[in-house]
Amino acid sequence: LESDPTFLEGDKIIVPYGDIEKEGVVIRGSIDNNGYDIIQSGETLEQFLKRRAKFAEDVGADALGAIGPYFYHPDIIGLVRHFKELKDSVEIPVLVYNNPGRMGYNITPSYFEKLVDEAGVDGIKDTSKNIAQLQSLVRLFGERLDIIII
């Protein structure tokens, strides 16, 4: 990334759930166009996730961060389908948000490689706190993709 990313978590803004128009007023005022603004979504239902992705693109975000499904634990085929449909719905970069504590499973470097190769994702925000995994992500993808470690 060219600058420190700013995460704008639309699903954490206090507005009536799913009222993307009201979120838009708040988020549009937060995008500064001076940094790398990422709208992060905790949506897992594809109809809402695609709507939020399009919204992120429309308000001028530089990227969308998206978590994998967390009500069920998909296999790699399900994860690829989930992120490919999302990636195909927008022109802005899509970052995988790996949050094992919330999702109940971990997106390993080998799973992430499949998401890059088959779904076309553009990077990862990893909160696994697994040092060996983080080192692998940087070693394997650090030259060509955005990797954000939190």
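Just so we're clear, the structure is a prediction, and the values are computed from it rather than from any experiment.

This part covers unusual backbone geometry. Trans peptide bonds make up the majority, and among non-glycine residues the majority have a negative phi. Even without being a glycine, Lys129 presents a positive backbone phi close to 60°. Along the chain, Lys129 falls in the loop between β5 (123–126) and α6 (131–141).

For side chains of opposite charge, pairing can occur when their charged atoms come near one another. Applying the stated rule across the entire model yields seven salt bridges. Here Lys54 ties to Glu57 by a salt bridge, and the two come within 3.3 Å at their closest N and O atoms. Taken together, the positions of Lys54 and Glu57, both in helix α2 (residues 46–58) and three residues apart, correspond to about one turn of that helix. Exposure remark for Lys54: the relative accessible area of 40% places this residue in the partly exposed category. One salt bridge in this structure joins Glu85 and Arg81, with 3.3 Å as the shortest N-O distance. Taken together, the positions of Glu85 and Arg81, both in helix α3 (residues 76–88) and four residues apart, correspond to about one turn of that helix. Its relative accessible area of 41% is what places Arg81 among the partly exposed residues. When salt bridges with common partners are traced through the structure, they connect Lys50, Arg81 and Glu85 into a single cluster.

Below, the discussion takes up the confidence of the model for the protein. Confidence along the protein averages 78 in pLDDT terms, with 75% of residues attaining 70 or more. When the elements of the protein are averaged for pLDDT, helix α1 (residues 20–28) gives the smallest value, 48, and helix α5 (residues 109–119) the largest, 96. Across residues 22–26, confidence stays below pLDDT 50; counting only partners more than four residues off in sequence or on other chains, it has eight contacts.

What counts, and where the lines are drawn
Residues numbered from 1 in each chain as written. Predicted model: local features only at pLDDT ≥ 70, side-chain atom pairs only at ≥ 80, totals over all residues. Heavy atoms only, no water. Helix = DSSP H or I, 4+ residues; strand = E, 2+ residues; numbered from the N terminus. Salt bridge = Lys/Arg side-chain N within 4 Å of Asp/Glu carboxyl O. Buried < 20%, exposed > 50% of the residue type's maximum accessible area, 1.4 Å probe, protein only. pLDDT = per-residue confidence, 0-100. Contact = heavy atoms within 4.5 Å.

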